[in-house]
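# Coordinates in review
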Amino acid sequence: MTADATLDRALGAILGSATGDALGAPYEFQPPLPSDNAVVMRAGGAFDWELGEWTDDTSMAVPILRALADGRELTDESTLDLLVATWAGWAAGAKDVGNQIRAVLGSVEAPTAASARAAARAIHDRTGRSGGNGSLMRTGPVALAYLGDDRDDQLATAARAISDLTHFDPETGDASVLWSLAIRHAIRAGEIDVHRGIRHVPFERRETWLARLDEAERLMPWDFPQNGWVVHALQAAWSAIRHAESLERRLVLAVRCGNDTDTVAAIAGALAGAAAGASNISDAWRRELHGWAGPGEVATAAHLEAWVERATAYAR
Ligand SMILES: [Mg+2]
């Protein structure tokens, strides 16, 4: 990591996602929000969030970020074990754990990556589906691990490995790969190209994903109402980015999607924030950010920034 502008965009991936998360949280589980209703950073919602408080999306991303800040390699099994153990501790006390994540983390035999993968597979086999948006929502920090030249392959591998911990459906891995590679490119180049990772998606699913991205560019975020599903969540986030220019407007548009507003805005915020840089997040939003960051620990934007700076110093 070298230039200040690159660091600003790495900070933007994490703070943009946390901002989207906190902005969307009070609007979760509601119908789409028409444009004459203002979207504002406020307290409230189904889980009675504090002003600026982030939710599961950022809380699950923070352990990944902190592992990187400690110089860990994301694909080491010991790192994946640490993530599962930390998430399991978080899920035991959190009020807003998504259904699929709760089922997986609640049924692991031991707090290890192997147990989590087995639990994720068992849930898929039992229910016939496991395509929730809960792994796509935590891709911001994953992208920070491999910012050096020619690291696309390693990032794609790591993104899928971290998705696989809780989600067996291979489309959740595809979505994490596409989004992580787009975030990486946005941090490095300052531009958004969500098609960039398509060659890392298995050949037989590429046309399907390309058609989904096209559809998201034609339709609006609220046209993808099943946004607890990873496919609609990605499409809603991509639509929000494509139909607004500034980071702030993209986040607001994402929140207007209804239903899983905080997660769609967290997903959109990771990529839009990476392109815009943290310096484009308003102070009024930034200063309110806070949330769970470890057992008994509440972090703020300043903590996130310190971890990003350390993580990117280790970035390969
Ligand atoms: Mg949430």
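Structural data are supplied above this passage.
Residues numbered from 1 in each chain as written. Predicted model: local features only at pLDDT ≥ 70, side-chain atom pairs only at ≥ 80, totals over all residues. Heavy atoms only, no water.

## With respect to the overall build of the chain
What counts is decided by this rule: Helical segments are the DSSP runs of H or I of at least four residues, strand segments are the runs of E of at least two, and each set is numbered from the N terminus. Summary of the burial criterion: residues with accessible area below 20% of their type's maximum are buried, those above 50% are exposed, and those between are partly exposed, where the area comes from a 1.4 Å probe applied to protein chains only. In this description, contact between two residues means that some pair of their heavy atoms is separated by no more than 4.5 Å. The accessible surface values rely on the Shrake-Rupley method and a 1.4 Å probe; as for residues, cover is taken only from the protein chains in view. Charge counting follows a simple rule: Lys and Arg are positive, Asp and Glu are negative, and His as well as the terminal groups are ignored. A charge is said to be at NZ when it belongs to Lys, at CZ for Arg, at CG for Asp and at CD for Glu.
Secondary structure summary: the chain contains 14 helices and two strands in total. Here the C-alpha coordinates of the chain stretch approximately 50 × 45 × 45 Å along the principal axes. A burial count over the chain gives 59% of its 316 residues as buried. Restricting the contact set of the chain to residue pairs at least 6 apart, pairs at least 24 apart contribute 71%. Counting every atom, the chain has about 12,200 Å² of accessible surface; 48% of that belongs to carbon and sulfur. Charge centroids of the chain, computed over 29 positive and 43 negative side chains, lie 2 Å from each other.

## Section: the layout of surface pockets
We count it as follows: Each cavity reported here is a set of points on a 1 Å grid over the protein atoms alone in which a 1.4 Å probe fits but cannot get out, each pocket an open set with protein on both sides within 12 Å along at least five of seven lines, and each lining residue one with an atom within 4 Å of a point. Grid points are joined across faces, edges and corners, and a volume is the space filled by probe spheres set on the points. Three residue categories are used. Nonpolar comprises Ala, Val, Leu, Ile, Met, Phe, Trp, Tyr, Cys and Pro, charged comprises Asp, Glu, Lys and Arg, and polar comprises the others, including Gly.
Considering only enclosed or pocket space, the largest pocket measures out at about 820 Å³ in volume. Lining the largest pocket are 33 residues, with Asn99, Gln100, Gly132, Gly228 and Trp229 sitting closest to its centre. No other element matches the five residues that helix α4 (residues 99-107) contributes to the lining of the largest pocket. Class assignment for the residues of the lining of the largest pocket results in nine nonpolar, 16 polar and eight charged.

## Observations regarding the coordination of the magnesium ion
The test is simple: Donor criterion used throughout: N, O or S atom within 2.8 Å of the metal, extended to 3.2 Å for Na, K and Ca. Water excluded; incomplete-looking sites may result.
Every protein donor of the magnesium ion is listed here as Thr55 (OG1), Asp56 (OD), Asp57 (OD) and Asp262 (OD), and their distances to the metal cover 1.8 to 2.3 Å. All donors of the magnesium ion belong to a single chain; written as a sequence motif, their spacing is T-D-D-x204-D. Each member of the pair threonine 55 and aspartate 57 is classed as buried.

## A few points about the packing of helix α8 (residues 170-189) against helix α12 (residues 261-276)
For the record, the criterion: Every axis in this analysis is a line fitted to C-alpha atoms, fitted for helices over the stretch in contact. Angles between the N-to-C directions lie between 0 and 180 degrees. For classification, angles of less than 35 degrees are called roughly parallel, those exceeding 145 degrees roughly antiparallel, those between 65 and 115 degrees roughly perpendicular, and all remaining angles oblique. In a left-handed crossing the near helix is turned counterclockwise from the far helix by less than a right angle, and in a right-handed crossing that turn is clockwise.
Direction vectors running N to C along α8 and α12 enclose 20°, while the axes themselves pass 7 Å from each other. The angle between α8 and α12 places the two elements in the roughly parallel class. Crossing of α8 over α12 shows left-handed handedness. Contacts between α8 and α12 involve Trp179, Ala182, Ile183, Ala186 and Ile187 from the former and Ile267, Ala268, Ala270, Leu271, Ala274 and Ala275 from the latter. Split by residue class, the contact of α8 with α12 holds eleven nonpolar, no polar and no charged.

## Some remarks on the pattern of salt bridges
Quick reminder of the rule: A pair is scored as a salt bridge if a Lys or Arg side-chain nitrogen falls within 4 Å of a carboxyl oxygen belonging to Asp or Glu.
A full pass over the atoms with the stated rule returns twelve salt bridges. Note that aspartate 149 is salt-bridged to arginine 188, the shortest N-O span being 3.0 Å. Residue aspartate 149 is located in the loop between α6 (140-144) and α7 (152-164), and its partner arginine 188 is located in helix α8; the two are separated by 39 residues in the primary sequence. Given the relative accessible area of 35%, arginine 188 is considered partly exposed. In this structure, aspartate 174 and arginine 205 form a salt bridge, with 2.5 Å as the shortest nitrogen-oxygen distance. With aspartate 174 in helix α8 and arginine 205 in helix α9 (residues 203-218), this pair connects stretches of sequence that are 31 residues apart. Taken as a pair, aspartate 174 and arginine 205 share a single burial class, namely buried. Here the salt bridges share partners, and the residues they tie into one network are Arg160, Asp174 and Arg205.

## With respect to the packing of aromatic side chains
Note the following rule: The aromatic pairing rule takes the rings of Phe, Tyr and Trp, using the six-membered ring of Trp, and pairs them if the centres are within 6.5 Å, calling planes under 30 degrees apart stacked, those over 60 edge-to-face and the rest tilted. In this analysis the charged atom, NZ for Lys or CZ for Arg, is taken to sit over a ring once it is within 6 Å of the ring centre and within 35 degrees of the ring normal.
Enumeration over the complete set of coordinates arrives at two aromatic pairs. Ring plane angle 65° and centroid distance 6.0 Å describe the contact between phenylalanine 29 and phenylalanine 47, whose orientation is recorded as edge-to-face. With phenylalanine 29 in the loop between α1 (4-24) and α2 (56-69) and phenylalanine 47 in the loop between α1 and α2, the pair connects residues that are 18 residues apart, well separated along the chain. Members of the aromatic cluster, connected to one another through ring pairs, are Phe29, Phe47 and Trp49. In this structure, lysine 95 packs its charged tip against the face of tryptophan 49, placed 4.6 Å from the ring centre.

## Considerations on the nonpolar core
One recurring pattern in soluble globular proteins is that nonpolar side chains are buried together. Heads up, the rule is: Nonpolar core, defined: a set of buried Ala, Val, Leu, Ile, Met, Phe, Trp, Tyr and Cys residues in which side-chain atoms within 4.5 Å join the residues together.
With 105 residues, the main nonpolar core has Leu74, Trp179, Ile183 and Leu304 as its most contacted residues. Among all residues touching leucine 74, those that are not within four sequence positions of it are Ile64, Leu68, Thr79, Leu80, Val142, Ala145, Tyr146, Ala158 and Ile162.

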